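Observations on the model geometry
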Amino acid sequence: MKHLHLLLFFLITITSSAQTKVSGVVYDDTKQPLPYVNIYFKGNKTGVASDENGKFSIESDKDFRAIIVKYAGFEDLEVSLKTSVTTNLKVVLSSAKQLNEVVIVSKPKKHLKKEENPAYKILQGIWKNKKKNGLQLVKNYEYTRYTSVANGLSNLDSIFLKKVLGKQYDSVIKIAEQEKNQKTFIIPTYLREINEKVYGDNQLNKIREDIEGERTTGLADKGFVMEKIANFIKPFDIYDDDVVILNKTFASPISTRGYGMYEYLLKDSIQEGNKKIYDIYFFPRNSQDLLFQGHFKVVDKTFAITEVSMRNNAKVNLNFVRNLSIEKTYTIQDNDVYLPERETYEGDFTLLTKDDEEKGMYLKKNILYSDYLFDKPKEAVFYDGQVVQTKAKQFEKDDTYWQQLNNREAGINNTRNIITDLGNNKRIKRVTNIITILSSGYFTLFKNIQYGSIYQSIANNDIEGIRLKAGFRTFKTVNDLFRVNGYLAYGLRDHRPKFGLSARYLVNSSPRITVGAGYLDDNLQLSNIGLEETELIPSGPNTNVIIARGQNFTLTNTKKAVASFDLQPTNNLKFNFSSVFRRMISADVDHFSMAYQLPNELEKNAINDFATSLAVVYTPKRDVYGFGVDQTYTGRLYSTLSVKYTHGFKGMLNSDFNYDKIQAMYTKPLQLSNFGVLRMNFEIAKVFQRVPLSLLTPVVVNQAYSISPTAFSLLDFYDLTTDKYASVKFEHHFNGLIFNRLPFIKKLKLREVLFYKGIVGDISQENRDINKSSIVYNAPTRVYSEYGFGIENIGLGNFKPIRVDFIWRSNFTDLNGTVPPNFGVRFGFFPEF
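The structure reproduced in this document is the subject of the present report. Just so it is clear, the structure is predicted and the values come from calculations on it, not from any experiment.

The subject of this paragraph is the overall build of the chain. Scanning the chain from N- to C-terminus turns up nine helices and 40 strands. Of all 833 residues assigned to the chain, the portion counted as buried reaches 51%. Here the analysis covers contacts within the chain between residues at least 6 apart in sequence; of these, 64% occur between residues at least 24 apart.

With that settled, consider the sheet that holds strand E7 (residues 85–92). Taken in spatial order, the three strands make up an open sheet running E4-E1-E7, and their pairing is mixed. Strands with a single pairing partner mark the edges of an open sheet, and in this sheet they are strand E4 (55–60) and E7. Strand-to-strand twist of the sheet, defined as the mean angle between neighbouring strand axes without regard to direction, takes the value 20°. Where strand E1 (residues 20–27) lies against E4, six bridges are found, and the strand directions are antiparallel. Across the sheet, the residue bridging to Lys 21 is Glu 59, located in E4.

To continue, consider the pattern of salt bridges. Overall, the coordinates contain 34 salt bridges when judged by the stated rule. With its nearest N and O atoms 3.9 Å apart, the salt bridge here joins Lys 378 to Glu 142. One end of the pair, Lys 378, is in the loop between strand E20 (360–374) and helix H6 (399–404); the other, Glu 142, is in strand E8 (residues 140–156), and 236 residues separate them in sequence. For Lys 604, the salt bridge identified is with Asp 656, shortest N-O distance 4.0 Å. In this pair, Lys 604 sits in the loop between strand E29 (573–586) and strand E30 (606–618) while Asp 656 sits in the loop between strand E31 (640–648) and strand E32 (659–671), placing the two residues 52 residues apart along the sequence. What you see here is one network of salt bridges that share partners, running through Glu 464, Arg 467, Asp 494, Lys 498 and Asp 522.

Attention shifts here to the nonpolar core. Counting residues in hydrophobic clusters, the biggest one holds 81 residues, and the most contacted among them are Ile 67, Ile 126, Leu 246 and Phe 296. Tallying contributions element by element places helix H2 (residues 118–129) first for this core, with six residues. Among residues more than four places away in sequence, those in contact with Phe 296 are Leu 123, Ile 126, Pro 253, Ile 254, Tyr 264, Tyr 278, Asp 279, Ile 280, Phe 282, Ile 305, Glu 307 and Val 308. If you look at the next biggest cluster of nonpolar residues, it comprises 44 residues, including Leu 695, Val 701, Leu 714 and Ala 779.

In this section: a nonpolar patch on the surface. Taken together, the side chains of Leu 481, Phe 482, Tyr 505, Val 507, Val 515, Phe 565, Phe 575, Phe 577 and Leu 614 present a nonpolar region at the surface, about 780 Å² in accessible area. Looking at the nonpolar patch, the elements that each hand over two or more residues are strand E26 (497–509) and E29. Here Phe 577 is to be found in strand E29.

Turning our eyes to something else, we now look at unusual backbone geometry. With omega at 5°, the peptide bond leading from Gly 452 into Ser 453 counts as cis. With respect to the helices, strands and loops of the structure, Ser 453 is situated in the loop between strand E22 (449–451) and strand E23 (458–461). Between Ser 510 and the following residue, Pro 511, the backbone shows a cis peptide bond with an omega angle of -5°. Inspection of the secondary structure puts Pro 511 in the loop between E26 and strand E27 (512–524). Of note, the phi angle at Phe 303 is positive, near 55°, even though the residue is not glycine. With respect to the secondary-structure elements, Phe 303 resides in the loop between strand E16 (292–299) and strand E17 (305–312). Given a relative accessible area of 3%, Phe 303 falls into the buried group.

Let us look at empty space enclosed by the protein. Summed over the entire model, instances satisfying the criterion amount to nine cavities of 30 Å³ or more. A volume near 470 Å³ is recorded for the largest cavity. In terms of lining, the largest cavity is formed by 29 residues, of which the most central are Ile 529, Gly 530, Glu 532, Arg 582 and Lys 661. At the level of secondary structure, the elements contributing two or more residues to the lining of the largest cavity comprise strand E28 (556–570), E29, E30, E31, E32 and strand E34 (697–698). No other element matches E30, which puts four residues into the lining of the largest cavity.

Inspection of the sheet shows strand E25 (residues 482–491) paired to E26 by nine bridges, in the antiparallel sense. Following the sheet pairing, Tyr 487 is matched in E26 by Gly 500. Hairpin connection from E25 to E26: five residues lie between these consecutive antiparallel strands, with His 495 at a positive phi of about 50°. As defined by bridge partners, E26 adjoins E27 across 10 bridges and the pair is classed as antiparallel. Note that in E27 the partner of Leu 501 across the bridge is Tyr 519. The antiparallel pairing of E26 with E27 creates a hairpin that spans two residues between the two strands.

Right, let's get into the side chain of Thr 558. Inspection of the secondary structure assignment puts Thr 558 in strand E28. At a separation of 3.3 Å, a polar atom in the side chain of Thr 558 contacts the main-chain carbonyl oxygen of Thr 556. With near-sequence residues (within four places) excluded, Thr 558 lies in contact with Leu 520, Asp 521, Asp 522, Leu 524, Arg 583 and Met 584.

Moving on to the sheet that holds strand E2 (residues 38–41). If you trace the four strands from one edge of the open sheet to the other, you get E3-E2-E5-E6, paired in antiparallel fashion. Every interior strand has two partners, whereas the edge strands, strand E3 (47–49) and strand E6 (77–80), have only one. On average, each strand axis in the sheet is inclined to that of its neighbour by 25°, with strand direction left out of account.

Turning our eyes to something else, we now look at the environment of Tyr 505. With respect to the helices and strands, the residue Tyr 505 is situated in strand E26. Accessibility expressed as a relative area gives 38% for Tyr 505, which makes it partly exposed. In sequence terms Tyr 505 and Asp 480 are 25 residues apart; their C-alpha atoms lie 8.9 Å from each other. Residues within four places of Tyr 505 in sequence aside, it is in contact with Leu 481, Phe 482, Ile 513, Thr 514, Val 515 and Val 629.

The next thing to look at is the environment of Lys 772. Residue position: Lys 772 is located in the loop between helix H9 (765–769) and strand E38 (784–796). Each C-alpha atom, one on Lys 772 and one on Gln 597, is 6.5 Å from the other, the two residues being 175 residues apart in sequence. With near-sequence residues (within four places) excluded, Lys 772 lies in contact with Ser 593, Ala 595, Tyr 596, Gln 597 and Glu 603.

To continue, consider the packing of aromatic side chains. One pass over the structure, following the stated rule, counts 31 aromatic pairs. With a centroid separation of 5.3 Å and 85° between ring planes, the pair formed by Phe 382 and Tyr 383 is classed as edge-to-face. Classification of Tyr 383 as buried rests on a relative accessible area of 6%. One aromatic cluster is present, formed by Tyr 120, Trp 127, Tyr 259, Tyr 262, Tyr 264, Phe 282 and Phe 296 through successive ring pairs. Of note, Lys 378 hangs over the ring of Phe 382, and the distance from its end group to the ring centre comes to 5.3 Å. Above the plane of the ring of Tyr 487 lies Lys 469, whose end atom (NZ or CZ) is 4.5 Å from the centre.

We now examine a positive patch on the surface. A surface patch of positive charge is lined by Lys 107, Lys 315, Lys 746 and Lys 747. Checked against the element boundaries, Lys 746 lands in the loop between strand E36 (724–733) and strand E37 (751–762).

Our next topic: helix H3 (residues 158–165). Three- or four-residue spacings in an α-helix give side chains the same orientation, since the helix completes a turn every 3.6 residues. Residues of H3 that are buried: Leu 161, Val 164 and Leu 165. Seen from one end, H3 has its buried residues packed into an arc of 80°, which puts them on one side. Away from its buried face by more than 90 degrees, H3 exposes Ile 159 and Lys 163. Of the residues flanking the end of H3, it is Gly 166, one or two places downstream, whose phi is positive at about 60°.

Conventions and cut-offs
- Residues numbered from 1 in each chain as written.
- Predicted model: local features only at pLDDT ≥ 70, side-chain atom pairs only at ≥ 80, totals over all residues.
- Heavy atoms only, no water.
- Helix = DSSP H or I, 4+ residues; strand = E, 2+ residues; numbered from the N terminus.
- Buried < 20%, exposed > 50% of the residue type's maximum accessible area, 1.4 Å probe, protein only.
- Contact = heavy atoms within 4.5 Å.
- Pairing = 2+ DSSP bridges.
- Axes fitted to C-alpha atoms, helices over the stretch in contact; angles between N-to-C directions.
- Salt bridge = Lys/Arg side-chain N within 4 Å of Asp/Glu carboxyl O.
- Core = buried A, V, L, I, M, F, W, Y, C linked by side-chain atoms within 4.5 Å.
- Patch = residues over 30% accessible without salt bridge, like charges linked within 9 Å, V, L, I, M, F, W, Y side chains within 5 Å.
- Areas by Shrake-Rupley, 256 points an atom, 1.4 Å probe, with all protein chains shown as cover.
- 1 Å grid on protein atoms, 1.4 Å probe; cavity = no way out; pocket = protein on both sides within 12 Å on 5 of 7 lines; lining within 4 Å.
- Points joined across faces, edges and corners; volume = space filled by probe spheres on them.
- Polar contact = N/O pair within 3.5 Å; in protein donor to acceptor, adjacent residues only side chain to side chain.
- Phe/Tyr/Trp six-rings, centres within 6.5 Å; stacked < 30°, edge-to-face > 60°.
- Lys NZ or Arg CZ within 6 Å of the ring centre and 35° of its normal.
- Lys, Arg positive; Asp, Glu negative; His and termini not counted.
- Charge placed at Lys NZ, Arg CZ, Asp CG, Glu CD.
- Arc of directions from axis to C-beta.

Structure (structure tokens):
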């Protein structure tokens with residue numbers, strides 16, 4: 001009897017825990033199972049989704065009389081329940097009637113739980129199969145890749161164009177591309193085309209990319225602005241969790257973390273042959289985060305992406321970008337392999353606002369893939385034979401070559417015709433020249449002579465007073481093999497002219513070999529100079545400070561002659577060998593002494609130094625522009641490893657000291673998805689013999705009120721002096737991760753920064769013994785630190801270049817006069833996306 005009671009209790013518990021239970025299969029009107037269909041009890045929002053085979057099971061401890069079955073593209077169905085337990089139910093949905101009008105898909109008002117959203121199961125399928133899609137499925141492959149990059153002016157109305165184009169208006173407007181609003185036009189000014197053959201082997205993990213043809217048309221800006229932006233926008237794998245565009249990390253809508261950041265809506269399903277294609281729309285949950293909105297199509301069974309279209313949200317925390325869109329389509333090959341067919345990247349950039357009325361600049365990058373071939377293996381040595389471009393017109397082809405290509409972008413001839421027609425338009429040239437001046441800081445003064453940089457024309461210090469500086473460079477094209485740089489400076493207080501002159505010549509382009517020489521007679525702040533890759537004339541600000549705290553009498557008058565030799569086996573590996581002679585003396589002996597005294601010798605305030613140095617600089621993944629003696633490197637983030645060895649020769653050219661110095665620095669930006677970018681800097685240095693102040697390694701200091709990420713801001717020059725040290729610097733940019741979530745503040749689109757700088761070092765007793773300068777040696781034998789936070793992206797409209805830092809420091813014993821403040825505020829000007 002006892003066992004009977006337990007059995008009855010068990011049965012009652014089971015039946016009471018599931019008052020209503022329904023299971024079955026959902027079909028379409030062609031008797032095909034429907035996956036990911038929403039099923040829920042009528043009167044209850046909680047539900048389930050059918051599996052890949054259309055099967056479902058739903059239960060509740062409450063009593064329900066009907067279920068609701070809903071699926072995009074089909075009519076909703078209500079199914080009555082005759083009993084509390086229904087099994088093997090067959091549900092057939094009818095296709096919804098076709099609508100002639102365009103249906104606008106809007107962001108869901110409520111974030112669904114994973115089990116409630118049929119799109120989530122499709123996402124799971126994509127994540128599970130992403131390594132089984134694309135070129136990873138074949139052992140080896142080859143294909144042709146055609147790329148066109150066009151840039152020019154955007155949002156131009158017909159009235160403006162008539163003024164600018166004059167008589168050319170009628171011929172240009174017939175073939176000009178209209179914007180999506182059909183009211184304004186985009187006018188191209190520059191076009192670059194590249195045709196490449198790509199080979200890959202997944203087993204060898206090697207890729208070879210050969211440029212077969214290249215040509216440019218139009219007015220290229222000499223500051224490489226749009227070319228740099230084009231390289232900011234690089235092709236990416238849609239299955240990656242993160243998409244790096246404009247040096248910002250966007251979370252991909254296909255990301256495994258995506259469901260926490262995006263809203264997903266399964267909009268429709270389409271039967272194509274024996275395949276079903278799902279169309280999923282996605283929207284950012286927080287409109288200011290670095291996320292996209294758009295839709296993608298995915299095929300059942302393999303869960304391969306067949307098409308994706310996405311663009312930036314209008315409210316995203318991104319500067320200078322009015323519109324940014326990306327489209328990718330994939331073509332099917334044998335055995336259900338989906339491969340890239342076409343990629344289009346379009347950007348519309350403005351300076352001040354994102355208003356529709358503002359004129360801007362546009363960039364359009366098209367990539368076409370064709371002629372796929374598989375299973376034609378190559379020897380490993382084949383992949384090492386890639387021909388690297390080392391000259392500007394190395395792969396240039398004439399019109400006949402391009403006309404024979406069958407994989408070119410449609411309409412590209414119209415673009416070329418417009419650019420050719422506008423080649424001599426003075427107004428268009430004037431616009432591109434202004435862009436060049438703002439980006440490079442140089443403008444043409446005479447034929448082949450440019451003035452600049454305009455950003456380093458005025459400075460101030462305690463010895464020279466107001467310092468005026470006029471610089472120049474020879475310039476014919478961006479790919480000049482020979483270049484001369486120079487400047488003249490004059491102090492309104494000391495009434496003494498200063499100058500610097502250097503010349504460099506590219507002897508060989510593969511490998512790159514450059515020789516150079518220079519001479520300088522100027523006042524330098526040695527406590528503001530860290531590791532320099534080359535000994536040629538410094539181009540940085542150094543003494544170019546207009547407003548600063550404290551005094552700056554500690555300048556060194558330096559006469560320097562340099563001979564330099566560069567060897568670059570690759571664009572991202574450089575060896576520099578330099579020989580330099582310097583004569584250094586205090587620029588104002590009444591306020592600053594550099595004196596030293598060796599045993600059994602008289603005290604000296606000047607030093608002669610002849611030294612040679614060997615520097616190695618490695619910059620993996622750095623983007624390089626130009627094929628002349630000058631190259632520019634601004635672009636996507638990259639790491640840098642620099643090592644420099646210097647040896648001083650006593651007696652050579654009356655040099656005073658033998659010494660050895662080693663310096664090494666490693667900088668690395670670490671992109672942490674939607675958590676922002678962490679910039680890290682590690683540095684060490686050591687001088688091995690006895691040397692005076694001017695040859696030591698003072699802690700690099702910035703007394704200006706401007707931000708210097710690599711210098712210490714709450715020290716005075718020479719407060720800390722070492723002959724060996726190690727330092728670390730961390731700076732994390734959150735890209736608005738916190739501020740984007742704070743009420744009211746998020747409207748300002750501010751971004752937050754945290755930073756820390758620390759240094760520890762020492763100075764030997766033998767170096768202390770010879771010191772007779774006005775500087776009391778004080779080494780950071782305990783770690784000296786500066787830390788704080790910053791607010792960046794301050795400004796108006798679309799132009800927000802201002803950053804404000806709030807800095808604190810650790811305590812240290814000051815031995816050289818006025819104690820610097822424990823807290824400071826610094827300002828920076830950093831225009832960025």
